[in-house]
Protein chains: 2
Amino acid sequence: MAQKPSIPKGTRDFNAAEVAKRSYIMETIKEQFQVYGFQPIETPSFENSETLMGKYGDEGDRLIFKILNSGDYFKDLRKNDVKIALRVSNFFGVYDKILRSLDDDLSFSETLRESIDVYFKNDDDYIKVLLNKTFNIFKEDFLNFKNLNSVGKETVKSDAFIAFYNEYLKEYSMNSYKSTTLISEKALRYDLTVPFARYVVQHQNEIEFPFKRYQIQPVWRADRPQKGRFREFYQCDADVVGSKSLFQEVEFVQLYDAVFSALQLEGVIIKINNRKILSGIAEVIGAQDKLIDFTVALDKLDKIGEEKVKEEMRSKGISEEGIAKLQPLFTLKGDFGNQVESLKSILNASEIGLKGIEELEFINTAISNLELKTATLQLDVTLARGLNYYTGAIFEVSAPDGVKMGSIGGGGRYDDLTGIFGLKNMSGVGISFGLDRIYLVLEELGLFPDTITEATKVLFISFGDEEAMASLKAVSKLRENGVKAELYPDAVTSGKQMKKQMTYANRRNIPYVVLVGEEELNAKTFALKHMESGEQTKLPFNELLETLK
Amino acid sequence: MAQKPSIPKGTRDFNAAEVAKRSYIMETIKEQFQVYGFQPIETPSFENSETLMGKYGDEGDRLIFKILNSGDYFKDLRKNDVKIALRVSNFFGVYDKILRSLDDDLSFSETLRESIDVYFKNDDDYIKVLLNKTFNIFKEDFLNFKNLNSVGKETVKSDAFIAFYNEYLKEYSMNSYKSTTLISEKALRYDLTVPFARYVVQHQNEIEFPFKRYQIQPVWRADRPQKGRFREFYQCDADVVGSKSLFQEVEFVQLYDAVFSALQLEGVIIKINNRKILSGIAEVIGAQDKLIDFTVALDKLDKIGEEKVKEEMRSKGISEEGIAKLQPLFTLKGDFGNQVESLKSILNASEIGLKGIEELEFINTAISNLELKTATLQLDVTLARGLNYYTGAIFEVSAPDGVKMGSIGGGGRYDDLTGIFGLKNMSGVGISFGLDRIYLVLEELGLFPDTITEATKVLFISFGDEEAMASLKAVSKLRENGVKAELYPDAVTSGKQMKKQMTYANRRNIPYVVLVGEEELNAKTFALKHMESGEQTKLPFNELLETLK
């Protein structure tokens, strides 16, 4: 039976227009990456599981797509299961022992405990608890065992075992968490940063540092799909590794500006913060462990107002004294310079906080000096993405005012990118572009140039093999001159077919049609029809080429 | 502990030069695809397993990478295993029954048979055989059971169960072949043709037919990696679906010629054959079922000579009479026309064979008429790729004489591409380019243009924040003018560091270096050094830009 075709949820097919628009964005980004001196690398779609697992937290581990081993992938799990066979056999040992010796309530519990001790002497506590639980569920049945008929006896036996076995499988043999490494050793890339770190360490002897690389490739996440969130999507990353210079941060701000200006997307806001400032504030208010609670609360200032933010901070255990020290934060207003002054007043006792301010000022001064084309750099003390790994600057880009969309880019500095793979003291800083969201923004604002979806320029319609042959000669010459030209493969033999081919040209937005009939064949001319105006002219080939070029 | 980083076997990292070279090939192919009127589509990296499984034969199914379900993927397999729990319980039923009633040899076999009948009445034959086998292995132990001590008794019990259980797991619960669908419902794309067929059927109402699409995306195969064979590699396909016109075949021959000419790879040989000719020959010699044996043998003609080929045909069961009819094949020589005449003499009694010849002649005549730029079209009756699905033309492209390399492209016509997904009567024809092999050929012949690996044009070296700031201003203006420019992020503070930065420029093949020191800063000039000649000049910005543009 034929299958009704579909694709996995969270994935997408892209048609020609979508591919063209996505390519336009990616090519624009790529061009700027190259002008800024970044070099492309590509890494495999799947990595060894140990390269990825444990790098994104428990939630990340869960969302990584694992690839089943090839061949007899259950081999190792079965080997592992010799132990289960022994335990199952021992389960029936306990079962027999109970049947043979029980006669009263006391004796049931004691017999159970004793026989578990005999058969599962050196085993996990978990299985002892499980056995105890299981047999106690069937206690009444066991006490009444002698009065059961043979079917009843069999039922108790199999019911008790099934109850035990299912729980057993869940914990031991078929535990989806514990057993994964036995049946899967590869996993699909979850982002481009960890593979980049792996690449840098693996190829460190072939790389000149500082290493500026870009990478535009798909990543996969087993996230619940929803509007704008997919299980397969592209990341566009640029990173530099091997230098601590703040000029890198300056260049990344410029790079964001360059890309969005090239995409005609004017007015984006590049928000910047610094992890050291957040650490400084937490230090000053004595809440080093409440960095995230504090920023989450502060982030709501615009929405819920000063009093409610303070309430939330109190509820998270931030002291009254600490909150008082934060007072200047609540009135943080004005331009970069003014905000920095307020921050200084809070952080004057924190060395790390002042270092953060110094870094921010350096970047802001440089950017003021260099001038951005269409974007704006904005300090946002509530910006707290990537606190697990960012150690310095934190970036996030918002679409222009009036466009409802989450961030369309983000990044930051991480002081120890490659340490997980054994290469210490490699500071890195990088940014990422959100392709899918940028696509939606450009679509909403009508910023895709019309030219990018222009496909075939001219369709040749013909009326028989001889005419088609003459057409194909012309088509070939047009193609050699870079004109996107097509020959409709089947010859027109009726008015209905003629209409079908015209409709075909129309639906595919092909602007010109050429008709080569007997007359044109003899006169060596081409009847060129402009589809929109309906205008039709007869031309020799040279003029045809000139018109279509 | 830090992991020693590596990637899965059969996969590759690509560095900047490799990415650039691969892009060059893909962009060249893409450009010609577009000029020929093909439209790009993209499909997801993974498809639902039922879309892929069963489409590539058993071997193909085995080589498809399966993705483990997310979350508690063992859930369904555990559910499936309630049955195993019952069977295990019943195993011990049989065990008890035997112990209770056996006393002599006859009684052991009978008791075993009877108790299996009782406990496994409606079960598979396989499990009955397995039980019989298992208990018989332990027969001596059972017959001697009363004489065993308690440890011995337990050992018999658990040994018998373990023997049974392992075999059981292999066949039922943890059978890597049968259980895959319970833990995996998605799989990585194995080629681009099946996803294309799925796409056409799924989107048939949005598509204008004939539909000319191209697709350049990676595919994955769990093949044993070896030289030139990878587990992740790109396919570059162009197909037309929805027309039977032979002009399509003609255009594909032109397209191959156009792409390889654009790549400066002159002299490739486009081999063509037709499935109908092979069917015709098989018909004529009365060996319709020996199509592959026959072509495999014929293919060896050049290597082993006429007599040995005939010997092989005989050994495969092709009749003496049939072989005699093939005589003209053994002397098949000369140009397309001569070969076709020989074929006609063999196939004059086969309707399908003559149809195949007619198709071949049509294509050859058109191509002679249109003329190829650098490639040659060659008839090859031994060409037999894709016999499972090709129904008309068969293509294969060889690298120019003197380059040792398998085929660098291939394709053909398939009359029922989309039938598997329920859309009947859609004839398709398509070709594919072998990216990795084309890469190796271009590398071997030195055909990659030097320009494609040109990265950064100029590196600015500076001596402090103030100089760096002035440099970055110049760098920014150069970038705005499309010049790939970089600022070395860290300032030179010693001769050693100066040397380090010069080495950096050298190793990265950056042709120019600009030095901005105090003197240049004051004079508003730039010291430009050409790395190869060592020549150094001082220029104002405008002249710098002119030189580097």
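Residues numbered from 1 in each chain as written. Chains lettered and ligands numbered in written order. Predicted model: local features only at pLDDT ≥ 70, side-chain atom pairs only at ≥ 80, totals over all residues. Heavy atoms only, no water.

(A) Examining the interface of chain A and chain B more closely. Contacts between the two partners involve 122 residues from chain A and, on the opposite side, 122 residues from chain B. Interface of chain A and chain B: buried area, both sides summed, is about 10900 Å²; carbon and sulfur atoms make up 60% of it. One can count 51 residue pairs in polar contact (both at pLDDT 80 or more) joining chain A with chain B. Looking at the side of chain A that touches chain B residue by residue, the class counts come to 55 nonpolar, 35 polar and 32 charged. (Contact = heavy atoms within 4.5 Å. Buried area = accessible area lost by both parts, 1.4 Å probe. Polar contact = N/O pair within 3.5 Å; in protein donor to acceptor, adjacent residues only side chain to side chain. Nonpolar A, V, L, I, M, F, W, Y, C, P; charged D, E, K, R; others polar.)

(B) Here's a closer look at the pairing of strand β15 (residues 526-530) of chain A. All names here are of chain A. For strand β14 (residues 512-516) and β15, the ladder comprises four bridges, and the chain directions are antiparallel. What sits directly across from Tyr512, in β15, is His530. Pairing of β15 with strand β16 (residues 536-539) involves four bridges; the strand directions are antiparallel. Directly across from Phe526, in β16, lies its bridge partner Leu539. Counting the residues between successive antiparallel strands, the hairpin from β15 to β16 contains five residues, one of them, Gly534, with a positive phi of roughly 80°. (Pairing = 2+ DSSP bridges. Helix = DSSP H or I, 4+ residues; strand = E, 2+ residues; numbered from the N terminus.)

(C) Broad picture of the relation of the copies chain A and chain B. The operation relating chain A to chain B is a screw motion whose rotation component is 180°, with 0.1 Å of axial translation and a residual RMSD of 0.3 Å. These values place the two chain copies in the arrangement generated by a two-fold rotation axis. Minimal C-alpha separation from the rotation axis in chain A is found for Ile67 of chain A, amounting to 2.4 Å. When the interface residues of chain A are mapped onto chain B, 100% of them again lie at the interface, so the same face is used by both copies. (Least-squares fit on C-alpha atoms with pLDDT ≥ 70 in both.)

(D) View of the sheet that holds strand β7 (residues 269-274) of chain B. Residues and elements named next belong to chain B. On the basis of which strands lie adjacent, the open sheet formed by eight strands has the order β1-β5-β6-β11-β10-β9-β7-β8 and mixed pairing. The sheet is open, and its two borders are formed by β1 (39-40) and β8 (376-379), each paired with just one other strand. In the sheet, strand β9 (residues 393-398) pairs with strand β10 (residues 409-414) via four bridges, with the strands oriented antiparallel. Bridging across to β10, Ile394 finds its partner in Gly412.

(E) View of the side chain of Gln215 of chain A. Residues and elements named next belong to chain A. Note on placement: Gln215 falls in strand β5 (residues 211-220). Classification of Gln215 by relative accessible area gives buried; the value is 0%. Looking at Gln215, its side chain comes within polar contact range of the side chain of Arg213, at 2.9 Å. Within the structure, Gln215 has its side chain in polar contact with the side chain of Gln217 (distance 3.0 Å). (Buried < 20%, exposed > 50% of the residue type's maximum accessible area, 1.4 Å probe, protein only.)

(F) Region of interest: helix α24 (residues 541-548) of chain A. Residues and elements named next belong to chain A. Among the residues of α24, Phe541, Leu544, Leu545 and Leu548 are the ones counted as buried. Seen from one end, α24 has its buried residues packed into an arc of 100°, which puts them on one side. Those residues of α24 that are exposed and angled more than 90 degrees off the buried face are Asn542 and Glu546. Buried-residue contacts for α24 involve β12 (458-462), α21 (465-480), β14, β15 and β16. (Arc of directions from axis to C-beta.)

(G) Here's a closer look at empty space enclosed by the protein. Applying the stated criterion across every chain, the model contains two cavities of 30 Å³ or more. What the largest cavity holds in volume is close to 40 Å³. What lines the largest cavity is simply Pro210, Lys212, Val240, Gln248 and Glu251 of chain A together with Glu486, Leu487, Pro489 and Tyr504 of chain B. Within the residue set of the lining of the largest cavity, elements represented by two or more residues are α12 (247-262) of chain A together with β13 (485-487) of chain B. For the lining of the largest cavity, the residue count by class is five nonpolar, one polar and three charged. By volume, the second largest cavity is sized at about 40 Å³. The wall of the second largest cavity is formed by Tyr36, Phe38, Lys212, Val240, Gln248, Glu251, Phe252 and Leu255 of chain B. The dominant element in the lining of the second largest cavity, judged by the number of residues it contributes, is helix α12 (residues 247-262) of chain B, at four residues. Across the lining of the second largest cavity, the residue classes tally to five nonpolar, one polar and two charged. (1 Å grid on protein atoms, 1.4 Å probe; cavity = no way out; pocket = protein on both sides within 12 Å on 5 of 7 lines; lining within 4 Å. Points joined across faces, edges and corners; volume = space filled by probe spheres on them.)

(H) Up close: the environment of Lys153 of chain B. All names here are of chain B. For Lys153, the position within the fold is in helix α9 (residues 150-171). Exposure remark for Lys153: the relative accessible area of 31% places this residue in the partly exposed category. Between the alpha carbons of Lys153 and Ser476 there is a distance of 86 Å; along the sequence they are 323 residues apart. Not counting residues within four places of it along the chain, the set of residues in contact with Lys153 comprises Tyr95, Phe145, Lys146 and Leu148.

(I) Broad picture of the sheet that holds β16 of chain A. Residues and elements named next belong to chain A. Reading across from one edge, β13-β12-β14-β15-β16 is the order of the five strands in this open sheet, with mixed pairing throughout. The open sheet is flanked by β13 (485-487) and β16, the only strands paired with a single partner. On average, adjacent strands in this sheet sit at an angle of 25° to one another, irrespective of strand direction. Packed onto the sheet, α21 meets β12, β13, β14 and β15 and runs at close to 165° relative to β13. (Axes fitted to C-alpha atoms, helices over the stretch in contact; angles between N-to-C directions.)

(J) Molecular detail of the pattern of salt bridges. Under the definition given, this model contains 66 salt bridges over all chains. Note that Glu396 of chain B and Arg385 of chain B form a salt bridge whose closest N and O atoms lie 3.1 Å from each other. You can see Glu396 of chain B sitting in strand β9 and its partner Arg385 of chain B sitting in the loop between β8 and β9, a full eleven residues away along the chain. Overall, Arg385 of chain B belongs to the partly exposed group, its relative accessible area being 30%. Its salt-bridge partner being Glu519 of chain B, residue Lys538 of chain B comes within 2.5 Å of it at the nearest N-O pair. A residue pair is termed long-range when its members are at least 10 positions apart, and Lys538 of chain B in strand β16 (residues 536-539) and Glu519 of chain B in helix α23 (residues 518-523) qualify at 19 residues. For Lys538 of chain B, a relative accessible area of 44% puts it in the partly exposed group. When salt bridges with common partners are traced through the structure, they connect Lys212 and Glu251 of chain A together with Arg479, Glu486 and Arg508 of chain B into a single cluster. (Salt bridge = Lys/Arg side-chain N within 4 Å of Asp/Glu carboxyl O.)

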